Amino acid sequence: MTSEGKPLGWTPRDEREHFIRCPVCGEMLDMRDLSEVLEHLHGQEVEEEPTRH
Ligand SMILES: [Zn+2]
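Just so we're clear, the structure is a prediction, and the values are computed from it rather than from any experiment.

Reading the values: rules and limits
Residues numbered from 1 in each chain as written. Predicted model: local features only at pLDDT ≥ 70, side-chain atom pairs only at ≥ 80, totals over all residues. Helix = DSSP H or I, 4+ residues; strand = E, 2+ residues; numbered from the N terminus. Buried ≥ 20, exposed ≤ 12 C-beta atoms within 10 Å, placed from the backbone. Contact = placed C-beta atoms within 7 Å.

> How would you explain the overall build of the chain if you had to name every residue and give the values?
Within the chain one finds two helices and two strands. In sequence order, the secondary structure elements of the chain are arranged as α-β-β-α. The 53 residues of the chain split such that 0% are buried.

Shown next as structure tokens:
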């Protein structure tokens, strides 16, 4: 592996993978930030348990 031109511990490409586009409002949000994730649920309930089926 070569690290030329890239500071150790910082890989912007990987960093971007933590961001997803909110399907509701279209803004980018950081998946590592729980408060942002919850904020972009926009009142939707999280599907954790398949209780409807
Ligand atoms: Zn949103």
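> Would you mind going over the environment of Pro23 in detail, with residue names and values included?
Along the chain, Pro23 falls in the loop between strand 1 (19–21) and strand 2 (28–30). Of the residues examined, Pro23 has 9 C-beta atoms within 10 Å and is grouped as exposed. Through-space distance from the C-alpha of Pro23 to that of Leu41 is 9.3 Å; in sequence the pair is 18 residues apart.

> Outline the environment of Arg21, supporting the account with residue identities and numerical values.
Mapping Arg21 onto the fold places it in strand 1. Exposure remark for Arg21: the 11 C-beta atoms within 10 Å place this residue in the exposed category. In the structure, Arg21 is positioned ten residues away from Met31 in sequence and 9.8 Å away in space, judged by C-alpha atoms. Discounting residues that sit within four places of it in the chain, Arg21 has contacts with Gly26 and Met28.

> Hey, could you go over unusual backbone geometry for me, with residue numbers and the actual values?
At His42, a position not held by glycine, the phi torsion is positive, near 50°. If you trace the backbone, His42 turns up in the segment after helix 2 (34–39).

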